[in-house]
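Single-letter residue listing:
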Amino acid sequence: FSVPSKVKIGNDTYKVTAVAKNAFKKNTKLTKLTIGSNVKTIGSYAFYGDSQLKTLTLKTTGLNSVGKNAFKKTNAKLTVKVPKSKLADYKKLLKGKGLSSKAKIQK
């Protein structure tokens with residue numbers, strides 16, 4: 001599954017800039033997710049309880065806000081793949097947002 005960078009509605013194209021609060025909360029069927037390049041915000045509890053989520057790929061280099069407990073109760077061995085240039089920044093940003101201490105953040 002993926003959160004695209006853009007969506008087309010009718011004749012208009014819109015950038016997807018956020019993953020809403022509770023967007024994928026308790027989605028136990030979600031195992032792999034890619035987040036598009038325009039996302040700047042991940043809301044609180046967005047992935048809360050997604051126990052089967054094993055791989056999350058962040059294509060965005062503009063992520064600047066992650067809500068409270070966004071990754072709480074996700075798979076303990078979740079792998080978060082981030083752009084190489086943002087590895088250090090995203091490690092700081094994602095820390096304390098519910099990721100397990102066993103989760104890996106890598107480029």
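Residues numbered from 1 in each chain as written. Predicted model: local features only at pLDDT ≥ 70, side-chain atom pairs only at ≥ 80, totals over all residues. Heavy atoms only, no water.

Caption draft 1: Structural detail: the overall build of the protein. Scanning the protein for helices and strands turns up one helix and ten strands. Computed over C-alpha atoms, the radius of gyration of the protein comes to 13 Å, within 12% of the 13 Å expected from 2.2 N^0.38 for 107 residues, which places it in the range of a compact globule. Sorting the 107 residues of the protein into buried and exposed places 39% on the buried side. Residue pairs at least 24 apart in sequence account for 48% of intrachain contacts in the protein once pairs closer than 6 positions are excluded. For the protein, the accessible surface area stands at approximately 6400 Å², while carbon and sulfur atoms represent 48% of it. (Helix = DSSP H or I, 4+ residues; strand = E, 2+ residues; numbered from the N terminus. Rg over C-alpha atoms; globule rule 2.2 N^0.38 Å. Buried < 20%, exposed > 50% of the residue type's maximum accessible area, 1.4 Å probe, protein only. Contact = heavy atoms within 4.5 Å. Areas by Shrake-Rupley, 256 points an atom, 1.4 Å probe, with all protein chains shown as cover.)

Caption draft 2: Region of the structure containing a nonpolar patch on the surface. Taken together, the side chains of Val-7, Ile-9 and Tyr-14 define a hydrophobic patch exposed on the protein surface, amounting to about 270 Å² of accessible area. Tracing the chain through its elements places Ile-9 in strand 2 (residues 6-9). (Patch = residues over 30% accessible without salt bridge, like charges linked within 9 Å, V, L, I, M, F, W, Y side chains within 5 Å. Salt bridge = Lys/Arg side-chain N within 4 Å of Asp/Glu carboxyl O.)

Caption draft 3: Here's a closer look at the side chain of Thr-55. Tracing the chain through its elements places Thr-55 in strand 7 (residues 55-58). On the basis of relative accessible area, Thr-55 is assigned to the buried category, the value being 18%. With residues up to four places along the chain from it excluded, the contact list for Thr-55 reads Thr-31, Lys-32, Leu-33, Leu-78, Thr-79 and Lys-81.

Caption draft 4: Region of interest: the packing of aromatic side chains. This model, assessed by the stated rule, comprises four aromatic pairs. Residues Phe-24 and Phe-47 carry aromatic rings whose centres are separated by 5.5 Å and whose planes lie at 5° to one another, so their mutual orientation is stacked. In this pair, Phe-24 sits in the loop between strand 4 (18-19) and strand 5 (32-35) while Phe-47 sits in the loop between strand 6 (41-42) and strand 7, placing the two residues 23 residues apart along the sequence. Grouping residues by exposure puts Phe-24 and Phe-47 together as buried. (Phe/Tyr/Trp six-rings, centres within 6.5 Å; stacked < 30°, edge-to-face > 60°.)

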